[in-house]
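Chain by chain, the residues:
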Amino acid sequence: MFVWNKKMYMDEKVRKKPARYKRIAGRKRSFRQCFCITFPANSKNIMDIYPSRELWFKYRAACGIEIIGMASGMESAVQLVAEMAQDIYKEYGDISPLLVQKFFA
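Source: prediction; values computed, not measured. (Residues numbered from 1 in each chain as written. Predicted model: local features only at pLDDT ≥ 70, side-chain atom pairs only at ≥ 80, totals over all residues. Heavy atoms only, no water.)

Enquirer: Explain the overall build of the protein residue by residue, including any values.
Expert: Assigned secondary structure in the protein consists of five helices and four strands. Split into buried and exposed, the 105 residues of the protein put 41% on the buried side. Accessible surface, the protein as shown: approximately 6,600 Å² in total, 53% of it carbon and sulfur. (Helix = DSSP H or I, 4+ residues; strand = E, 2+ residues; numbered from the N terminus. Buried < 20%, exposed > 50% of the residue type's maximum accessible area, 1.4 Å probe, protein only. Areas by Shrake-Rupley, 256 points an atom, 1.4 Å probe, with all protein chains shown as cover.)

Enquirer: Please provide a residue-by-residue account of the sheet that holds strand S4 (residues 65-71), values included.
Expert: Taken in spatial order, the four strands make up an open sheet running S1-S4-S2-S3, and their pairing is mixed. The open sheet terminates on both sides in strands that have one partner only, identified here as strand S1 (2-10) and strand S3 (48-51). Ignoring which end each strand starts from, the neighbouring axes of this sheet average 35° apart. The pairing of strand S2 (residues 35-38) with S4 spans four bridges and is antiparallel. Residue pairing for S4: Thr 38 is matched across the bridge by Ile 67. Each of S1, S2 and S4 touches helix H2 (residues 18-26); the most contacted strand, S1, lies at about 145° to it. (Pairing = 2+ DSSP bridges. Axes fitted to C-alpha atoms, helices over the stretch in contact; angles between N-to-C directions. Contact = heavy atoms within 4.5 Å.)

Enquirer: Which residues make up the state of the cysteines, and what are the values?
Expert: According to the stated counting rule, one finds zero disulfides in the structure shown. The structure places no disulfide on Cys 34, whose sulfur is separated from the nearest cysteine sulfur, that of Cys 36, by 4.7 Å. Taking the relative accessible area as the measure of exposure, Cys 36 reaches 0% and is therefore buried. (Disulfide = S-S within 2.5 Å.)

Enquirer: Explain the packing of aromatic side chains to me, using residue names and the numbers behind them.
Expert: In this description, a pair of aromatic rings is defined by centroid distance and the angle of the planes. Summed over the entire model, instances satisfying the criterion amount to three aromatic pairs. Ring centres 6.2 Å apart and planes at 75° place the aromatic pair Phe 39 and Phe 104 in the edge-to-face group. Note that Phe 39 is positioned in the loop between S2 and S3 and Phe 104 in the segment after helix H5 (97-103), a separation of 65 residues in sequence. Each member of the pair Phe 39 and Phe 104 is classed as buried. Geometrically, the ring pair formed by Phe 103 and Phe 104 is edge-to-face, given 5.1 Å between the ring centres and 85° between the ring planes. Within the aromatic cluster, the residues linked to one another by ring pairs are Tyr 9, Phe 39, Phe 103 and Phe 104. If you follow Lys 7 out to its NZ or CZ, it ends over the ring of Phe 103, 5.2 Å from the centre. (Phe/Tyr/Trp six-rings, centres within 6.5 Å; stacked < 30°, edge-to-face > 60°. Lys NZ or Arg CZ within 6 Å of the ring centre and 35° of its normal.)

Enquirer: Mind laying out the pairing of S4, listing which residues take part and the relevant values?
Expert: Burial runs high along S4: six of the seven residues are buried. Here S1 runs beside S4; their pairing, made up of five bridges, is parallel. Each residue of the ladder has a partner; that of Tyr 9, found in S4, is Gly 69.

Enquirer: Please set out helix H4 (residues 74-92) residue by residue, giving values where relevant.
Expert: With 19 residues, H4 ought to run about 27 Å at 1.5 Å a step, and its terminal C-alpha atoms sit 27 Å apart, in line with that. What H4 keeps buried is the set Ser 76, Ala 77, Leu 80, Val 81, Met 84 and Ile 88. Buried residues along H4 cover an arc of 145° about the axis, so they all sit on one side. In this structure, H4 carries Glu 75, Gln 79 and Lys 90 as exposed residues pointing more than 90 degrees from its buried face. Check the buried side of H4 and you find it contacts S1, S2, S3, S4 and H5. Two residues or fewer after H4 comes Gly 93, characterised by a positive phi angle close to 80°. (Expected span 1.5 Å × (residues − 1). Arc of directions from axis to C-beta.)

All we've got here are geometric facts, nothing functional implied.
Encoded structure:
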């Protein structure tokens, strides 16, 4: 299962109907216009972007994923990650996986 972070970032399309997109991500069906941004799965990444359908694979679901951002398309997901990184950099003067977790704690 996954957890929705309280400080979750959303693109404009998701911000209009957040409950709809959360419901879409929560279903075990494919919906190609829903991308979730999570904490990194390994120490080499800052954040990870997944299509919502990938979160339901057994190895992902067992990890207890925390969603920190949601976008309606891959391009807007990349822009959202850039915005998140910029905000983290403004607050801490650096960016790393630990600072991302601290920012969303």
